[in-house]
Amino acid sequence: MIDTGIDASPWAAHDPVLPGRFRVGSAAAACVHATTQAAADLFAARGGDPGPVSVDVRHAAAHFRSERYLRVDGEPAGGEDPLTGNYKAADGWVRLHCNYPHHRDAAMQVLGTDFAAGVATRKAIDVEQAVVAAGGAAAAQRSREEWAAHPQGIALRRLPLLSIEQIGDAPPRPLSKADRPLSGVRVLDMTHVIAGPVCGRTLAAHGADVLHVGAEHLPVVRPILLDTQFGKRSTFIDLRTAEGADTLRALVRADADVFIESFRPGSLAAKGFGPADLAAMRPGIVVVEISAWGWEGPWRTRRGFDSLAQLASGIAAGDPPVPLPAQFLDHGTGWLAAYGVLTALRRRMETGGSWLVKVALARTGLWLDELGKTEVNGKRLIVDDLLTTTSSPFGLLTHIRMPGSLPGAQPNWAHGSPVPGSAKPEWW
């Protein structure tokens, strides 16, 4: 494992940039700086001249809630399912995640159609356990002290913020001189929601050929999809079929450099696409596993999302709960994953090997919590000067520009978000 050395202190004086007392601004700037510097280091290793890296804290903070600012032809892209939210229980609060139909159905199976009434007479923990057992996604509110004593909270404190480890042997693989840090690097992006897609979006901004792999039968949240697919291509592969599995194996073997996935731990391994399988198919590959609750502990295979982790860990503790002003756990984890990819690719150039990068939303949340709070509340963030427009098949997208300055190869997206499944399952 590698110590990231990611340090938020250089930007601490700027916080709070956003409403609230958590150091979201300086933590966002630290993630953007570390990732952009890793891109600069890789670019230099390829013979490029990156120039000095710099980060604007306000820009970084705004980008960590990019989905809030996205507009399609001047109109909001939409929001989350109206049933998703915090509900008052008999002894506290519980959050239900219903943005996917199967999660909404699981909650209805437990609570009926009136969630408020169904939750009100029960203990929050009982609601959490019943919804999770039914295949849904829920979290009871806990205090920071309760989470610190919880078996999963204890497991998280034993984990690094980011794990980068060699998982197989392969000869060094040099990358030729190019005009961008990730030119010619092929990325399979098998992720959903925010954290994983943000990782792929970040790599695309530095020049990677990112092929997002979804499936026609899987549900998506349209506003998030529009916000996180910049610079990518999109294809459909159905892993329920032998043909689909063969297609994905062929993509891996055909010079895939990076494989990112954000399914629950063990899900893809059961289909023959675990880290060891991928390293055997394609020696020298960099595999990224993104999870909600971490890769150890009793909750390691539990469904989870940013808002659930905030409630369970005490970050959002309050009556009612007080969420962060950005989905920092999602965005921060995505940027940390991209940092891990860039670092592993440079190590592959120097020493070879296949590599595994592991990050988790709840562990990112623990890091943010450990940074402490400010003494004052932040104010409303003005972002007009940070916006730009990009064309897409859906219309003109207004969005936050890519943060992080790299003068020799400024990160940017070549195009807007594609229509899901619009590309063939092949490399350029």
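In the block above lies the structure referred to throughout.
If you're wondering where the values come from, they're calculated on a predicted model, not measured in any experiment.

## A closer look at the side chain of Gln 229
Moving on, step 1. Locating Gln 229 in the fold gives a position in the loop between α10 (222-228) and β9 (233-236).
Moving on, step 2. A relative accessible area of 4% places Gln 229 in the buried class.
Moving on, step 3. At 3.3 Å, the side chain of Gln 229 and the side chain of Thr 228 are in polar contact.
Moving on, step 4. Setting aside residues no more than four positions away along its own chain, Gln 229 makes contact with Pro 197, His 212, Gly 416, Ser 417 and Pro 418.

## Things to note about the packing of aromatic side chains
Moving on, step 1. Per the stated rule, a full pass over the model turns up 9 aromatic pairs.
Moving on, step 2. Considering the side-chain rings of Trp 147 and Trp 293, the 6.0 Å spacing of their centres and the 50° angle between planes classify their relative orientation as tilted. One end of the pair, Trp 147, is in helix α7 (residues 144-149); the other, Trp 293, is in the loop between β11 (286-291) and α13 (306-313), and 146 residues separate them in sequence. Accessibility assignment for this pair places Trp 147 and Trp 293 in one class, buried.

## Section: the pairing of strand β7 (residues 186-190)
Moving on, step 1. Among the 5 residues in β7, 5 count as buried, and that is most of the element.
Moving on, step 2. Neither face of β7 is exposed, since Arg 186, Leu 188 and Met 190 on one face and Val 187 and Asp 189 on the opposite face are all buried.
Moving on, step 3. As paired elements, β7 and strand β8 (residues 209-214) share 4 bridges and run parallel to each other. Considered in β8, the bridge of Val 187 is made with Val 210.
Moving on, step 4. With respect to chirality, the unit in which β7 leads through helix α9 (residues 195-205) into the neighbouring parallel β8 is right-handed.
Moving on, step 5. Pairing analysis gives 4 bridges linking β7 to strand β10 (residues 258-261), with the strands arranged parallel. The partner of Met 190 across the bridge, within β10, is Glu 261.

Reading the values: the criteria
Residues numbered from 1 in each chain as written. Predicted model: local features only at pLDDT ≥ 70, side-chain atom pairs only at ≥ 80, totals over all residues. Heavy atoms only, no water. Helix = DSSP H or I, 4+ residues; strand = E, 2+ residues; numbered from the N terminus. Buried < 20%, exposed > 50% of the residue type's maximum accessible area, 1.4 Å probe, protein only. Polar contact = N/O pair within 3.5 Å; in protein donor to acceptor, adjacent residues only side chain to side chain. Contact = heavy atoms within 4.5 Å. Phe/Tyr/Trp six-rings, centres within 6.5 Å; stacked < 30°, edge-to-face > 60°. Pairing = 2+ DSSP bridges. Right-handed = clockwise from strand over helix to strand, strands pointing away.

From the geometry alone we can't say anything about function, so treat these as descriptive.
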